[in-house]
Amino acid sequence: MEKKILLIEDEEKIARFVELELVHEGYQVVKAFNGREGLELALRGGFDLVLLDIMLPELNGLEVLRRLRKESMVPVIMLTARDAVMDKVSGLDAGADDYITKPFAIEELLARIRVAFKKQAGGSQQTHQLTVCGLTMDTDRHEVTYGEEIIELTNREYELIHTLMKHKNIVMDREKLMNTVCGYNYVGETNIIDVYVRHIRSKIDDRFGIKLIRTVRGVGYVIKDE
Ligand code: CA
């Protein structure tokens with residue numbers, strides 16, 4: 001069956017060019033010219049891959065990705081401006097599968113797309129679950145459970161636990177946590193993380209009698225696997 005690709009790119013010339021090449025390769029292509037429209041289409045689902053520009057009107061690419069990842073694991077390749085190292089790091093942190101730097105050769109893009117599809121095919125048997133301290137996180141369903149009980153979390157609480165579980169046994173400092181949980185553009189005190197940790201402790205530790213997030217004095221937080 002034809003693979004369906006969503007192309008979110010505001011520069012019509014580039015979008016048109018990429019579309020022609022992808023169609024020529026046998027892909028089906030849907031275009032969106034701003035972040036808001038792109039996110040809406042992506043959330044509606046039915047795409048095998050999303051090509052996502054970062055500099056977009058209405059909603060930038062990183063924000064599109066962040067919101068999309070709360071609901072969908074569709075492979076995403078970011079289209080970044082040259083030398084925008086921060087964009088690449090933020091994009092990968094926010095859950096992009098790959099990125100390609102503009103201007104790119106179409107052959108390189110096609111190769112990246114094939115790699116993304118191959119990875120997806122190989123990974124389709126896996127469930128996206130993380131388990132630690134008896135707590136299970138299902139990243140496909142965006143759900144955290146302890147035993148049979150589903151734990152209600154805000155998005156930021158979820159992101160905080162997710163980050164610490166992904167890097168279990170590694171102490172994460174507040175600033176790193178703040179960047180992943182609140183976004184790189186967030187301006188505020190890092191003690192916002194302490195507030196989220198307190199909320200999580202009252203929702204999880206107090207309720208189930210476990211010690212999930214440990215404080216490492218003067219450094220940050222860690223979830224240990226034991
Ligand atoms: Ca752009």
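Heads up: the structure comes first, above all this text.
Predicted, not measured: the structure shown is a model, and the values here were computed from it. (Residues numbered from 1 in each chain as written. Predicted model: local features only at pLDDT ≥ 70, side-chain atom pairs only at ≥ 80, totals over all residues. Heavy atoms only, no water.)

Draft legend 1. Here's a closer look at the environment of Met172. Here Met172 lies in strand β10 (residues 172-173). Here Met172 falls in the buried class, since its relative accessible area comes to 5%. It is 15 Å that separates the C-alpha atoms of Met172 and Ile192, two residues lying 20 residues apart in sequence. Those residues in contact with Met172, other than ones at most four positions away along the chain, are Thr163, Leu164, His167, Leu177, Val219, Gly220 and Tyr221. (Helix = DSSP H or I, 4+ residues; strand = E, 2+ residues; numbered from the N terminus. Buried < 20%, exposed > 50% of the residue type's maximum accessible area, 1.4 Å probe, protein only. Contact = heavy atoms within 4.5 Å.)

Draft legend 2. Focus on the sheet that holds strand β3 (residues 49-53). Strand order in this open sheet of five strands is β2-β1-β3-β4-β5, and the pairing throughout is parallel. The sheet is open, and its two edges are formed by β2 (28-32) and β5 (98-101), each paired on a single side. When the angles between neighbouring strand axes are averaged without regard to direction, this sheet yields 20 degrees. As defined by bridge partners, β3 adjoins strand β4 (residues 76-80) across four bridges and the pair is classed as parallel. Bridge pairing links Val50 to Val76 in β4. Along the sheet, helix α2 (residues 35-44) contacts β1 (4-8) and β2; its crossing angle with β2, the most-contacted strand, is approximately 140 degrees. Where helix α3 (residues 61-69) meets the sheet, its contacts fall on β1, β3 and β4, and the angle it forms with β4 comes to roughly 170 degrees. (Pairing = 2+ DSSP bridges. Axes fitted to C-alpha atoms, helices over the stretch in contact; angles between N-to-C directions.)

Draft legend 3. Region of interest: the sheet that holds β10. If you trace the three strands from one edge of the open sheet to the other, you get β10-β12-β11, paired in antiparallel fashion. Every interior strand has two partners, whereas the edge strands, β10 and β11 (213-216), have only one. Sheet analysis places β11 next to strand β12 (residues 220-223), joined by four bridges and oriented antiparallel. Paired with Arg214 across the strands is Val222, a residue of β12. Strand contacts of helix α8 (residues 192-208): β11 and β12, with the helix running at about 140 degrees to β11, the strand carrying the most contacts.

Draft legend 4. Here's a closer look at the coordination of the calcium ion. Only Asp10 (OD), Asp53 (OD) and Met55 (O) from the protein coordinate the calcium ion, and they sit 2.1 to 2.4 Å from it. Read in sequence order, the donor residues coordinating the calcium ion give the pattern D-x42-D-x1-M. Using a relative accessible area of 2% as the deciding quantity, one classes Asp53 as buried. (Donors = N, O, S within 2.8 Å, 3.2 Å for Na, K, Ca; no water.)

Draft legend 5. Inspection of the packing of helix α6 (residues 155-166) against α8 at higher detail. Running from amino to carboxyl end, α6 crosses α8 at an angle of 90 degrees, the nearest separation of the two axes being 10 Å. Between α6 and α8, the interaxial angle falls into the category roughly perpendicular. Note on element contacts: α8 touches α6 through Ile193, Tyr196, Val197, His199, Ile200, Lys203 and Ile204, opposite Arg156, Glu157, Leu160 and Ile161. Residue classes in the contact of α6 with α8 are distributed as seven nonpolar, one polar and three charged. (Parallel < 35°, antiparallel > 145°, perpendicular 65-115°, else oblique. Nonpolar A, V, L, I, M, F, W, Y, C, P; charged D, E, K, R; others polar.)

Draft legend 6. Looking closely at helix α7 (residues 174-182). Among all positions in α7, only Leu177, Met178, Asn179, Val181 and Cys182 are buried. In this fold, the buried residues of α7 make contact with α6, β10, α8 and β12. At the C-terminal side of α7, Gly183 shows a positive phi close to 95 degrees.

Draft legend 7. Here's a closer look at helix α1 (residues 12-24). Helix length check: α1, at 13 residues, gives a terminal C-alpha distance of 18 Å against a target of 18 Å (1.5 Å per residue), a fit within 8%. Listing the buried residues of α1 in full gives Ala15, Val18, Glu19 and Leu22. Take α1 and look down its axis: the buried residues cluster within an arc of 105 degrees, on one side only. Exposed residues pointing more than 90 degrees away from the buried face of α1 are listed as Lys13 and His24. Looking one or two residues past α1, Gly26 carries a phi angle of roughly 95 degrees, positive in sign. (Expected span 1.5 Å × (residues − 1). Arc of directions from axis to C-beta.)

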